[in-house]
Amino acid sequence: MGNIIVADSSPYPEVRVSGENKQFGELLCTAVGGNSGEFGTISEYVYQGVVFKESYPEISEIFLRLAKVEMHHLLMIEELVHKLGADPVYGWYSGGDPVYWSGSSVNYTKELQSALIYDLNGEQKAYSTYISLARRSGDRFVFAVLTRIALDEMIHASLLRSLIADKNSIRRQ
């Protein structure tokens, strides 16, 4: 598989905020534990890394490397939520109350092509979500972090697209 790039080469900005904004912090929790949030994405990639380890070891390793990048995103988002004055729950907020993440939202498919397509859709949605949240943030520091994370999501989508298109890279062991 060669040297696979799983993150943009630009540095991550410092995680800071201009001031508290609890309402936006609660909204940002959707990126932590919402349907396309980091917590679920990490869980999915780790699951896929284990399930496909024997049959597709190279792709399994890619899944695990993607999970590590998503873990870094999770940490940055949770720090932002906390600095904004909200509780960085593993879930999202509805009417000011937390709705906690559930493992039932993980895609447990054991068919590689389906997993890759599902992951691609998730990465594309994550990219759009981060760009939208960045624009809505009203905070230049939050904007910088979210747009930097979006760059990684774009790399992930591109990588998944190439894995889907390159049937030769998907060799069962």
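Residues numbered from 1 in each chain as written. Predicted model: local features only at pLDDT ≥ 70, side-chain atom pairs only at ≥ 80, totals over all residues. Heavy atoms only, no water.

Enquirer: I would appreciate a short explanation of the packing of helix H5 (residues 112–137) against helix H6 (residues 140–165) in the present structure.
Expert: Packed helix pairs are specified by the crossing angle of their axes together with the interaxial distance, meaning the distance between the axes. Here H5 crosses H6 at 160°, and the two axes come no closer than 8 Å. By the angle between their axes, H5 is roughly antiparallel relative to H6. The two elements H5 and H6 meet at a crossing, and its hand is left-handed. Counted by class, the contact of H5 with H6 contains 19 nonpolar, 5 polar and 5 charged residues. (Axes fitted to C-alpha atoms, helices over the stretch in contact; angles between N-to-C directions. Helix = DSSP H or I, 4+ residues; strand = E, 2+ residues; numbered from the N terminus. Parallel < 35°, antiparallel > 145°, perpendicular 65-115°, else oblique. Left-handed = near helix turned anticlockwise from the far one by under 90°. Nonpolar A, V, L, I, M, F, W, Y, C, P; charged D, E, K, R; others polar.)

Enquirer: What exactly am I supposed to notice about the environment of Phe141 here?
Expert: Along the chain, Phe141 falls in helix H6. Assessed through its relative accessible area of 14%, Phe141 is described here as buried. Taking the C-alpha atoms as reference, Phe141 lies 9.8 Å from Gly19; in sequence the two are 122 residues apart. (Buried < 20%, exposed > 50% of the residue type's maximum accessible area, 1.4 Å probe, protein only.)

Enquirer: Explain helix H4 (residues 57–83) to me, please; I cannot follow it from the model alone.
Expert: Residue pairs three or four apart in sequence face the same way in an α-helix, which turns once every 3.6 residues. Here H4 contains 27 residues, and its C-alpha end-to-end distance of 39 Å stays within 8% of the 39 Å for a straight helix at 1.5 Å per residue. Backbone geometry just after H4 places Gly85 at a positive phi near 100°. (Expected span 1.5 Å × (residues − 1).)

Enquirer: Looking at this structure, how should I read the pattern of salt bridges?
Expert: When their charged atoms lie close together, side chains carrying opposite charge are able to pair. In this structure the tally under the stated criterion is 1 salt bridge. Residues Asp152 and Arg148 are paired through a salt bridge, measuring 2.8 Å at the closest nitrogen-oxygen approach. Remark: Arg148 and Asp152 occur in helix H6; sequence separation between them is 4 residues, near one turn of the helix. (Salt bridge = Lys/Arg side-chain N within 4 Å of Asp/Glu carboxyl O.)

Enquirer: So what exactly am I meant to see when it comes to H5 here?
Expert: Given a rise of 1.5 Å per residue, 26 residues ought to cover 38 Å, and the 36 Å separating the end C-alpha atoms of H5 matches this to within 8%. Measuring from the side-chain oxygen of the N-cap residue of H5 to the backbone nitrogen of Gln113 gives 3.3 Å; that N-cap residue is Glu111. Of the residues flanking the end of H5, it is Gly138, one or two places downstream, whose phi is positive at about 70°. (Polar contact = N/O pair within 3.5 Å; in protein donor to acceptor, adjacent residues only side chain to side chain.)

Enquirer: Looking at this structure, I do not really get the layout of surface pockets. What am I missing?
Expert: To find the voids left in a structure, one rolls a probe of water-molecule size over its atoms. What the largest pocket holds in volume is close to 250 Å³. Lining the largest pocket are 20 residues, and of these Asn35, Ser36, Thr41, Glu44 and Gly122 lie nearest its centre. Mapped onto the lining of the largest pocket, the elements with two or more residues apiece are helix H3 (38–51) and H5. Residues that form the lining of the largest pocket fall into these classes: 5 nonpolar, 9 polar and 6 charged. (1 Å grid on protein atoms, 1.4 Å probe; cavity = no way out; pocket = protein on both sides within 12 Å on 5 of 7 lines; lining within 4 Å. Points joined across faces, edges and corners; volume = space filled by probe spheres on them.)

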